[in-house]
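# Tertiary structure, described
Listed below are the residues making up each chain.
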Amino acid sequence: MKQDITLKVNGIEYHLSIEPQRTLVEVLRDTLGLTGTKKSCNEGECGACTVLMDDKPVASCLVLAVSAQGKEITTIEGLAKDTKLHPVQEAFVKKTAIQCGFCTPGMVMVAKAFLAENPKPTPAQVRKAISGNLCRCTGYQQIVDAIMAAAEANT
Amino acid sequence: MKTYSVVGKSVERTDARIKVTGQAYYAGDLTAPGMLHGKILRSPLAHGRILNIDTSKAKALPGVMAVITGRDFPGIPFGTRPDIRDQLPMPITKVHHFGEGVAAVAAVDEDTAEEALDLIKVDYEELPVVLTAEDALAPGAPLVNEFKNSNIAYASDFMFGDVEKGFKEAYYIKEEKFSSQRVSVGFIEPHACLAQVDSTGRILLQGSKQSPYITWRHMCRALDIPLSKMRIVNPFVGGGFSGKHDPFDVDFAAVRLAQITGRPVKIVLNYDEVLAAYRQRNAMDAKLRIGVKKNGEITALYAENILEGGPISGIGPFNIYYFGAFLNIPYKIPAIEYHGKLVYSNRAPCGTVRGQEIVLAQFCIDSLLHMVGEDLGIDQVELRAINAVPSNWVCANGIVVDVSGLSECIEKASEKIGWKESRKEKKEGRGIGFSCASHPSGPRLGGHFGSAVMLKLLEDGQVIITQGATEIGQGSNTVFCQMAAEELGLPFEYIIQGVSDSDTTIFDSGMFGDRATYWDGNATIAAARDLKKQLAEIVAPSLNAKPEEIEFENKRVFVRGEPARGMDWLQAVRKAYYEKGAPLYGRGNWAALDIDIVDWKTGKGNLVHGLDFIATAIEVAVDRETGQVELIKAVHGDDAGQPINPAMLEGQVNGGSAHMSGHALWEESLYDEKGRVLNYSWRDYKQPTAMDAPEYHVEHIHTHDPYGPFGAKGAGEASSCSTIAAIANGIYDAIGVRIKELPITPEKILKGLKEKEGK
Ligand code: FES
Ligand code: FES
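Quantities reported herein were computed from a predicted structural model and do not represent experimental measurements.

Further remarks concern the overall build of chain B. Helix and strand content of chain B: 19 helices and 30 strands. Relative to the globule expectation of 27 Å for 759 residues, the C-alpha radius of gyration of chain B, 27 Å, shows essentially globular dimensions. The 759 residues of chain B split such that 65% are buried. Carbon and sulfur atoms make up 50% of the accessible area of chain B, which amounts to about 26,100 Å² in all. Each charge class in chain B was averaged separately, 81 positive and 98 negative side chains, and the resulting centres sit 2 Å apart.

Set out below in structure tokens:
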């Protein structure tokens, strides 16, 4: 039985009819076509599906879409303003923190939320913040460098 | 040395902005009108005869459009080479490993497809499992692969130089055994594909493929169709690391289901399926004996190695050769004897993983070298420096080293990690380990092996580049754009990356072994020269010059030595288009014709050009109470010739090293006695996180390779090869415990400490 819900994603309200067992990542990707949010493990272990819910990072594979109602959801598609990247995105580009890019959306979302709370972090704090997001390509160094650079650009 | 304007600069990746905004579409993101969703039913047994598969109930479920099994394919086996065609799209008579796909469903949505899987009834007769190399080689062992009448999938044996004499001359001989575990490849994007078949029967496959043309060839063979009946287009790929070369049941099933239903079929795996049933690294059992002079100079090496590789050969025969071949380098070893076997088993199939089996060979030899150094009281850095291969070196097996920066790599790594200082004052529980490695720039394999590039000149002066090499995250596209820009005298932004599409791009042998930069890089230069030649012929008459006199630089086309006597690039392009009606394409190809096709069985031949080198130093801290290892800092002295994009190269080096730190310390795919995988989720299979990885530093040692594009060598995989031994040696340096069986778990460390204290 489908259920009518309202989701606010990247500032836009969507009225949807979905099955109540649908997770947020499924609705974002399959219903709204926002495929920037990636899905891999579907059990909260890789962080690829990270989005922000009221500015807090969540694994969208663990959140039911119905329970995301009434929250401000931000996905990777909602960060850049036209062609102007968000400072965290810009830092990822400039610091060569992207390789295959599959972990990138999740990493960027976590980093954005983290820097909002911790504007002047240490590299160790950054590492801890992104430790729920797996990357196999980069060895993390340039991702850490990018997040540090984004923090510096902000001060 | 020539100064470059684009090469050697850390320009932004061509795809960085696309990826960082979520606009990069991977296979799992694709859709097509009328698309169905596919799911795969997996075997609960590691080894069993398939007696019957009843799909009638599944087929009757509303919303199910088709159900297939192995019998829906022509039954033609495929494999890397003609002598090792030992796999089928999906099994027909028996299952070979836990999680092997036995049937597949296409339905209107994923839930229905999932429900249909539960309605398929498979009758199996359980067979005894072959789990280890020992099981496989036991007399009367059950046979794993139905196309082979032995569990030995391949063997490689060779002897180079006078081994007997070498051991006679040795002042000291040491022999040790080493072993390694099954590890998963670990890319983050699971296998996925979208297959479509048009009304003429032509197939379009868009999958997460590292080497789409390997997939394409194998699939057409196993589907019994000509190559022209299938088109393969690569979307963005979320990492490969050698785990996405060949076609899998995912690809075959999607295509077959699309053929039967006439509708597009997409299959996207969940990651637990990947961890349970797809490519892993072979488990190793090796024995090495080394002879050295009093000063540590190696006189001879003897090695035996058995790789347990799962139920199919895959690229395994190459792995078993590679292990032996790369014992010959990066150290000077005048004589070497090697006996390697690849055996079948009922574990997940193996391909290879980042760094190939050099990773394992180097773990063995650099661990052994460290032990020799300890026994003889030789400094670890000196020991490596004394044995490092120099330029113009011919290895015992015939591999020719043109340029080696290894000595400088060792020097830089030891300096930056603070080796000398660390010897003066040793901190409790802290240690530094070293390992070196060499990795080739793409071997020459049999069959089609060249690389080709095409440049299409647009009317607005921009150039679209397409090449057989595929971008899987390593950054090859950016590197080719840089090279094309450099050679054409254009800014980097003038080169636009085209799509990898078998209808329009020229084929390539595959994306492996650090070959892209080198092979496709040379092809890029050739293509750019071809384009320039055509343009020069059009422009020269109006400049009263000969075409050979025309130069290209700074977006200008002019007569050599007289920059003012020329025209802007765009003007030249317009001349071609508007005055001559000549749309221009530059074509180039490259293949190392002067190197040998190595015989994997005998190891004979000069395998490659462009050997890159690395010296890795890793500082570790070991907790004596818990046995936990912390990686503090890693320094890589890296000789990749002329770095084309230093920042991207660093990312490759760091990535390979972090990847193998998981192999060294945390990762292991565990199997129970029935061959069932126990830890097929990332909850239980631990890949390194940002907190596990150390701080990385890369020191570029610039050399100039005589055959490489702009002097570059292949790059990126060497750090995978040097990391494990550096960690093992660092642990020994910290607490005096030597672990020779991977992974180096806290339990093994605590046991080692206990034994040591008991002595
Ligand atoms: S897909 Fe959600 S955490 Fe992995
Ligand atoms: S960039 Fe490939 S997984 Fe992180």
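The discussion continues.
Counting its regular elements, chain A contains five helices and five strands. Put simply, chain A runs from its N terminus to its C terminus through helices and strands in the order β-β-α-β-β-β-α-α-α-α. Here chain A has a C-alpha radius of gyration of 15 Å; the compact-globule value for 155 residues is 15 Å, and the two agree. Dimensions of chain A, computed from the C-alpha atoms along their principal axes, are close to 50 × 30 × 25 Å. Counting over 155 residues, chain A shows a buried share of 57%. Within chain A, counting contacts between residues at least 6 apart in sequence, those at least 24 apart form 54% of the total. Summed over all atoms, the accessible surface of chain A reaches about 6,300 Å², with 50% contributed by carbon and sulfur.

Our focus in this paragraph is the pattern of salt bridges. Residue and element names in this part refer to chain B. Tallied over the entire structure, the rule returns 56 salt bridges over all chains. Notably, a salt bridge pairs Asp 83 with Arg 81, separated by 3.4 Å at the nearest N-O pair. Given the relative accessible area of 22%, Arg 81 is considered partly exposed. A salt bridge links Lys 174 to Asp 375; the shortest N-O distance between them is 2.9 Å. You can see Lys 174 sitting in strand 8 (residues 172-180) and its partner Asp 375 sitting in helix 10 (residues 358-376), a full 201 residues away along the chain. Owing to a relative accessible area of 39%, Asp 375 belongs among the partly exposed residues under this scheme.

Residues and elements named next belong to chain B. Domain annotation of chain B identifies domain 1 (16-22 + 450-590), domain 2 (31-127 + 189-238 + 245-277) and domain 3 (280-444 + 598-758). Here domain 1 and domain 3 have C-alpha centroids that lie 38 Å from each other. Listed as interface residues are 20 residues of domain 1 and, on the opposing side, 26 residues of domain 3. Summed over both partners, the interface of domain 1 with domain 3 comes to about 1,600 Å²; 62% of that surface belongs to carbon and sulfur atoms. For domain 1, the biggest contributors to the area lost against domain 3 are Gly 513, Asp 514 and Tyr 518; these three give 42% of the whole. If you look at where domain 1 meets domain 3, you find zero salt bridges. At the junction of domain 1 with domain 3, the criterion picks out 11 residue pairs in polar contact (both at pLDDT 80 or more). If you list the elements that add at least two residues to the side of domain 1 that touches domain 3, you get helix 14 (476-488) and helix 15 (516-539). Tallied by class, the residues present in the side of domain 1 that touches domain 3 amount to seven nonpolar, nine polar and four charged.

It is worth spelling out the state of the cysteines at this point. For the structure on display, the rule yields zero disulfides over all chains. Cys 100 of chain A provides the cysteine sulfur closest to Cys 481 of chain B, a residue in no disulfide bond, and the two sulfurs are 19 Å apart.

This next bit is on the domain arrangement of chain A. Residue and element names in this part refer to chain A. When the domains of chain A are assigned, the result is domain 1 (3-78) and domain 2 (87-153). On a C-alpha basis, the centroid separation for the pair domain 1 and domain 2 is 21 Å. Tallying the contact residues gives 17 residues for domain 1 and 13 residues for domain 2. Carbon and sulfur atoms make up 68% of the area that domain 1 and domain 2 hide from each other, which totals about 1,100 Å². For the pair domain 1 and domain 2, the interface holds zero salt bridges. Our count for the contact surface shared by domain 1 and domain 2 stands at three residue pairs in polar contact (both at pLDDT 80 or more).

With that settled, consider the side chain of Asn 654 of chain B. Mapped onto the fold, Asn 654 of chain B is located in helix 17 (residues 646-665). A residue is classified by how much of its surface remains accessible, and Asn 654 of chain B, at 3% relative accessible area, is buried. With sequence-adjacent residues up to four places away left out, Asn 654 of chain B is seen in contact with Thr 138, Gly 139, Gln 141 and Gln 142 of chain A together with His 636, Tyr 696 and Val 698 of chain B.

Now for the pairing of strand 21 (residues 451-457) of chain B. Residue and element names in this part refer to chain B. In terms of burial, strand 21 is largely enclosed, as five of its seven residues are buried. Bridge count between strand 21 and strand 27 (residues 585-590): six bridges; the pairing is antiparallel. Bridge pairing in strand 27 links Val 453 to Gly 588. Bridge count for strand 21 against strand 22 (residues 463-467) is five bridges, and the pairing is antiparallel. Its bridge partner lying in strand 22, Lys 456 is registered against Ile 464. Where strand 21 hands over to strand 22, the hairpin turn is made up of five residues, of which Gly 461 adopts a positive phi near 90 degrees.

Before going further, it helps to examine the packing of helix 6 (residues 212-223) of chain B against helix 7 (residues 249-261) of chain B. Residue and element names in this part refer to chain B. Where helix 6 contacts helix 7, the axes come no closer than 11 Å and their chain directions differ by 50 degrees. For the element pair helix 6 / helix 7, the angle class is oblique. For the element pair helix 6 and helix 7, the recorded crossing hand is right-handed. Note on element contacts: helix 7 touches helix 6 through Asp 251, Phe 252 and Val 255, opposite His 218, Met 219, Ala 222 and Leu 223.

Turning our eyes to something else, we now look at the interface of chain B and chain A. Across the contact, 54 residues belong to chain B and 45 residues belong to chain A. A per-residue breakdown of the area chain B buries against chain A is headed by Val 20, Ile 188 and Ala 690 of chain B, which together make up 18% of the total. Here chain B and chain A share seven salt bridges between them. Across the pair Arg 136 of chain A and Glu 667 of chain B runs a salt bridge whose closest N-O atoms are separated by 2.7 Å. A total of nine residues in the side of chain B that touches chain A trace back to one element, the largest contributor, which is helix 17 of chain B. Grouping the constituent residues of the side of chain B that touches chain A by class yields 23 nonpolar, 18 polar and 13 charged.

Definitions and cut-offs
- Residues numbered from 1 in each chain as written.
- Chains lettered and ligands numbered in written order.
- Predicted model: local features only at pLDDT ≥ 70, side-chain atom pairs only at ≥ 80, totals over all residues.
- Heavy atoms only, no water.
- Helix = DSSP H or I, 4+ residues; strand = E, 2+ residues; numbered from the N terminus.
- Rg over C-alpha atoms; globule rule 2.2 N^0.38 Å.
- Buried < 20%, exposed > 50% of the residue type's maximum accessible area, 1.4 Å probe, protein only.
- Areas by Shrake-Rupley, 256 points an atom, 1.4 Å probe, with all protein chains shown as cover.
- Lys, Arg positive; Asp, Glu negative; His and termini not counted.
- Charge placed at Lys NZ, Arg CZ, Asp CG, Glu CD.
- Contact = heavy atoms within 4.5 Å.
- Salt bridge = Lys/Arg side-chain N within 4 Å of Asp/Glu carboxyl O.
- Domains from an automatic or database assignment.
- Buried area = accessible area lost by both parts, 1.4 Å probe.
- Polar contact = N/O pair within 3.5 Å; in protein donor to acceptor, adjacent residues only side chain to side chain.
- Nonpolar A, V, L, I, M, F, W, Y, C, P; charged D, E, K, R; others polar.
- Disulfide = S-S within 2.5 Å.
- Pairing = 2+ DSSP bridges.
- Axes fitted to C-alpha atoms, helices over the stretch in contact; angles between N-to-C directions.
- Parallel < 35°, antiparallel > 145°, perpendicular 65-115°, else oblique.
- Left-handed = near helix turned anticlockwise from the far one by under 90°.

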